[in-house]
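Examining the three-dimensional arrangement
Listed below are the residues making up each chain.
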Amino acid sequence: MAVAVAGVLVAAGAITYSVAEDGASDTAPPAADSADAGFARDMAVHHQQAVEMSYIVRDRTADEDVRRLAYDIAQTQANQRGMLLGWLDLWGLPKVSSDGPMAWMGMGGMTDGEDGALMPGMATDTELKRLGTLDGKQAEILFLQLMTDHHKGGIHMAEACVAKCAVPVEQRLAQGMVEAQQSEIDLMADMLNSRGAKP
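Before going into details, it helps to say that this report is about the structure given with it. Here the structure is a predicted model, which is why all the values come from computation and not from measurement.

The next subject is the pattern of salt bridges. Within the structure shown, the criterion is met by five salt bridges. Here Asp 135 makes a salt bridge to Arg 60, at a shortest N to O gap of 3.1 Å. Separated by 75 residues along the polypeptide, Asp 135 in the loop between helix 4 (125-131) and helix 5 (136-164) and Arg 60 in the loop between helix 2 (35-58) and helix 3 (64-91) bring together distant segments of the chain. When its relative accessible area of 47% is taken as the criterion, Asp 135 is described as partly exposed. When its relative accessible area of 23% is taken as the criterion, Arg 60 is described as partly exposed. As a salt-bridge pair, Asp 63 and Arg 195 come within 3.2 Å of each other at their nearest N and O atoms. In this pair, Asp 63 is assigned in the loop between helix 2 and helix 3 and Arg 195 in the segment after helix 6 (168-194), connecting sequence segments 132 residues apart. By relative accessible area, which is 24% here, Asp 63 ends up partly exposed. Linked through salt bridges whose partners overlap, the residues forming this network are Asp 63, Glu 140 and Arg 195.

Tracing the sequence through the fold places Gln 49 in helix 2. Within polar-contact distance, the side chain of Gln 49 engages the side chain of His 150 at 3.2 Å. Gln 49 has contacts with Met 122, Ala 123, Leu 128 and His 150, leaving out every residue within four places of it along the chain.

With that settled, the discussion passes to the state of the cysteines. Scanning the model with the defined rule gives one disulfide in all. Across a sulfur-sulfur distance of 2.2 Å, Cys 161 and Cys 165 are joined as a disulfide pair. Taking the sign of the torsion about the S-S bond as the criterion, the disulfide between Cys 161 and Cys 165, at about -120 degrees, is left-handed. Using a relative accessible area of 5% as the deciding quantity, one classes Cys 165 as buried.

Time to look at the environment of Arg 81. Inspection of the secondary structure assignment puts Arg 81 in helix 3. Distance from Arg 81 to Met 43, taken between C-alpha atoms, is 7.3 Å for residues 38 residues apart in sequence. Sequence-distant contacts of Arg 81, defined by excluding residues within four places in its chain, comprise Ala 44, His 47 and Gln 48.

Our focus in this paragraph is the nonpolar core. In terms of nonpolar packing, the biggest core is built from 55 residues, with Phe 39, Met 53, Leu 84, Trp 104 and Phe 143 touching the most fellow members. For this core, the elements supplying multiple residues, two or more each, are helix 2, helix 3, helix 4, helix 5 and helix 6. Of all the elements, helix 5 adds the most residues to this core, at 12 residues.

Here is what the cut-offs are and how they apply
Residues numbered from 1 in each chain as written. Predicted model: local features only at pLDDT ≥ 70, side-chain atom pairs only at ≥ 80, totals over all residues. Heavy atoms only, no water. Salt bridge = Lys/Arg side-chain N within 4 Å of Asp/Glu carboxyl O. Helix = DSSP H or I, 4+ residues; strand = E, 2+ residues; numbered from the N terminus. Buried < 20%, exposed > 50% of the residue type's maximum accessible area, 1.4 Å probe, protein only. Polar contact = N/O pair within 3.5 Å; in protein donor to acceptor, adjacent residues only side chain to side chain. Contact = heavy atoms within 4.5 Å. Disulfide = S-S within 2.5 Å. Core = buried A, V, L, I, M, F, W, Y, C linked by side-chain atoms within 4.5 Å.

Pasting the structure below:
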């Protein structure tokens, strides 16, 4: 696992360096209202909740498969979140926008942020609180269900970046998110089935 984490960190460094090199060229950085900036801002927020949910369930179950999945999600998405925020710094752009979540996708106002769910797929504050009160199999099932929805929302956003973003390295990161999160959705469906539950 340590080798895998080290590999992810090395890859992250390479991607960040690549973008830094792009920034040093004659190419102007993305605009504040661009898809590149919007995706970086929104996915950073989206990822933060996935990290939070992952750490909650690791404290609520002893199941090694769920704990391993939660650890992988937390490490991967925390690392990607750092890259996204780093790019905004590199581009000299704000980390928040008055346009609201998903406006860069033409979907501004899709959610009202009620109960903490700022974007489609995100868990509500009530759901997160409930996850923190469950133990064992019940916690595992709720986590897998919430994370499945979360990944579906993340895939939708990442696919939009693949189609709309102009920075190639960000497009590649987004495509990698689509593939990895779909694989995890498939895995979580199997894990839910083995627990007698559905997504």
